[in-house]
Amino acid sequence: MSLPLIITCAITGAETTREKQPHLPVTPREQAEAAAEAVAAGASVIHLHVREDDGRPSQRPERFEESIRAIRERAPGAIIQISTGGAIGESIENRARPLALKPEMASLNLGTMNFGDDVFFNHPRDIVGLASRMHQHGVMPELEVYEAGMLESAFRLAKQGILREPFHFQFVLGVPGGMSGEPRNLAHLVSLLESRGGGKAHWGVAGVGRYQLPLAVQATIMGGHARVGFEDNIFYNKGELAQSNAQLVERVARIARELGREVATPEVARKLLGLAR
Ligand code: KMH
Ligand code: ZN
């Protein structure tokens, strides 16, 4: 019997624009509305990037604080996971700053890679620095893995005691520069994780663009968890923009139930992930 499905909704991201997706939530108020709708539709975790009023991606702690407060008002139970990836080109100092707010979770990116036409830098020294800062603040890292070498890095960091149990991996597949979202790639990452004794680790998958839905369904069948939302994909169907983040969550929740898998509430997700609060 599979564990309840944890659906993460990445409501805003750093790269998606209002020009491409007119329903993108940008202000704290819009993000709170989007988060509340997503949680009502079945999401338990909100992966959060913030923007300035003009839409520029931001890592200002004050802006995170505003959004977190607004989300807490509209969706009090939601698990908020802040991004330490930020936008391409953001300094590591700025990426780390919102950790001082001590969110329940934060993303931790496990390697440098080409990211479309850009390079997403994650120096080993900075990965260790972010991991220890998270540990210091009691923040649970979500381990972002874009290709198999990054999973190998996680095993190394775990052996060195830099990453500590419980582990929660997010396989982000379909970024040009990382592994694509073909079913065999997810199957390979999961078998690699299991072969290294990661049987107790939790994992989820975030498929980029057209990979979002098939990978969410594959993860649902394989016993993993799923991430959807405008950060990774703006379409509902090919050529048809989604009307909201919640619409993407609702579809995955419905399919999961039809496949016989329950959808985790935030309280259930907290227990599964070992989040003490
Ligand atoms: N915006 C991407 C370059 C994360 O949130 O930690 C990185 C990203 C990952 O979104
Ligand atoms: Zn992100």
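The model shown is predicted, which means the values in this text are computed figures rather than measured ones.

The rules we used
Throughout this description, residue numbers start from 1 for each chain and increase along the sequence as written. Whichever chain is written first becomes A and whichever ligand is written first becomes 1, with later ones labelled in order. Totals for whole chains, interfaces and linings use all residues, but because this is a predicted model, local features are given only for residues with pLDDT of at least 70 and pairs of side-chain atoms are given and counted only at 80 or more. Derived side-chain values reflect all non-hydrogen atoms in the structure, with water molecules and hydrogen atoms excluded from consideration. Donors, by definition, are the N, O and S atoms found within 2.8 Å of a metal, the threshold being 3.2 Å for Na, K and Ca, and water is not counted, so a site can look incomplete. In this scheme, a residue with accessible area under 20% of its type's maximum is buried, one over 50% is exposed, and one in between is partly exposed, where area comes from a 1.4 Å probe on protein chains only. Axis lines are fitted through C-alpha atoms, for helices just across the contact stretch, and the angle between N-to-C directions can take any value from 0 to 180 degrees. Put simply, DSSP H or I for four residues or longer makes a helix, DSSP E for two residues or longer makes a strand, and each gets a number counted from the N terminus. Comment on the angle field: the value is read as roughly parallel under 35 degrees, roughly antiparallel over 145, roughly perpendicular from 65 to 115, and oblique elsewhere. When the near helix sits turned anticlockwise from the far one by under a right angle, the crossing is termed left-handed; a clockwise turn instead gives a right-handed crossing. Only heavy atoms matter for contacts: two residues are in contact if any of them lie within 4.5 Å across the pair. Here a residue counts as near a molecule or strand whenever at least one of its heavy atoms sits within 4 Å of it. In protein, a polar contact means a hydrogen-donor-capable atom and an acceptor-capable atom, both N or O and within 3.5 Å, with residues adjacent in sequence counting only if both atoms are side-chain atoms; elsewhere, any N or O pair within 3.5 Å suffices. Under the scheme applied, nonpolar residues are Ala, Val, Leu, Ile, Met, Phe, Trp, Tyr, Cys and Pro; charged residues are Asp, Glu, Lys and Arg; polar residues are all the others, including Gly.

**Description of the coordination of the zinc ion (ligand 2)**
Those donors, His-47 (NE2), His-49 (NE2) and Glu-231 (OE), are the protein atoms that reach the zinc ion (ligand 2), and they lie 2.1 to 2.2 Å from it. All donor residues of the zinc ion (ligand 2) come from one chain, and their arrangement in sequence is H-x1-H-x181-E. Residues His-47 and His-49 agree in their burial class; the two are buried.

**Describing the packing of helix 1 (residues 28-41) against helix 2 (residues 61-74)**
Their axes nearest at 8 Å, the elements helix 1 and helix 2 cross at an angle of 40 degrees. Comparing their axes, helix 2 and helix 1 come out oblique. Regarding helix 1 and helix 2, the two cross each other, and that crossing is right-handed. Residue-level contacts link Pro-28, Gln-31, Ala-32, Glu-33, Ala-35 and Ala-36 of helix 1 to Arg-63, Glu-66, Ser-67, Ala-70, Ile-71 and Arg-74 of helix 2.

**Quick look at the site of ligand 1**
If you check the shell around ligand 1, you find 14 residues, and the closest are Ser-83, Gly-86, Ser-107, Asn-109 and Glu-231. At 3.0 Å from a nitrogen atom of ligand 1 is found a side-chain nitrogen or oxygen belonging to Glu-15. Glu-231 places a side-chain nitrogen or oxygen 2.9 Å from an oxygen atom of ligand 1. Each residue belonging to the shell around ligand 1 can be placed in one class, and the counts come to five nonpolar, seven polar and two charged.

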